[in-house]
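Chain by chain, the residues run as shown.
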Amino acid sequence: MEDNLIKGKEIALIAYLTIIGLIIAFVMNSEKKYEFSTYHIKQSLGILVTGLAIGAIGVIPILGWIISVLGSFFLIFLWVMGLINAINGKLVPVPVLGEKYNEWFKNL
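Reading the values: the criteria
- Residues numbered from 1 in each chain as written.
- Predicted model: local features only at pLDDT ≥ 70, side-chain atom pairs only at ≥ 80, totals over all residues.
- Heavy atoms only, no water.
- Axes fitted to C-alpha atoms, helices over the stretch in contact; angles between N-to-C directions.
- Helix = DSSP H or I, 4+ residues; strand = E, 2+ residues; numbered from the N terminus.
- Parallel < 35°, antiparallel > 145°, perpendicular 65-115°, else oblique.
- Left-handed = near helix turned anticlockwise from the far one by under 90°.
- Contact = heavy atoms within 4.5 Å.
- Nonpolar A, V, L, I, M, F, W, Y, C, P; charged D, E, K, R; others polar.
- Core = buried A, V, L, I, M, F, W, Y, C linked by side-chain atoms within 4.5 Å.
- Buried < 20%, exposed > 50% of the residue type's maximum accessible area, 1.4 Å probe, protein only.

A. Summary view of the packing of helix 2 (residues 18-31) against helix 3 (residues 35-57). Two elements in contact, helix 2 and helix 3, have axes whose closest approach is 10 Å; the angle formed by their N-to-C orientations is 150 degrees. Here helix 2 lies roughly antiparallel to helix 3, going by the angle between them. For the element pair helix 2 and helix 3, the recorded crossing hand is left-handed. Between helix 2 and helix 3, the residues in contact are Ile-19, Leu-22, Ala-25, Phe-26 and Asn-29 and Ser-37, Thr-38, Ile-41, Ser-44, Leu-45 and Leu-48, respectively. For the contact of helix 2 with helix 3, the per-class residue count stands at seven nonpolar, four polar and no charged.

B. Main features of the nonpolar core. Listed in full, the 12 residues of the largest apolar core are Ala-12, Tyr-16, Phe-36, Ile-47, Ile-54, Leu-75, Leu-78, Leu-83, Ala-86, Val-94, Tyr-101 and Phe-105. Looking at this core, the elements that each hand over two or more residues are helix 3 and helix 4 (63-87). For this core, the element with the highest residue contribution is helix 4, accounting for four residues. Setting aside residues no more than four positions away along its own chain, Ala-12 makes contact with Phe-36, Ser-37, His-40 and Ala-86. Listed in part, the six residues of the second largest apolar core include Ala-15, Leu-22, Tyr-34 and Ile-41.

Have a look at this one:
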């Protein structure tokens, strides 16, 4: 049982390390589904999708740039909170959007 938690925690931590880390975590988790890592993969994927949306808004002059800068700080905050939760072994959603991420990616 403890080996499953350790393996799930390793995969969860990898999910927060860049887009490539998310892909690697997704592939590693596809062999044997770990509840802990699946949860954090959903959170990390949600942060990535939110980042893409903020990047798309950033192409709009002035207002989009402001939203993009503020959104980037918000994304860093979400990423740090998700990483801290994964390190501490907690299944806690990231603030504000975490529950939505679980809802959107429930079929992962």
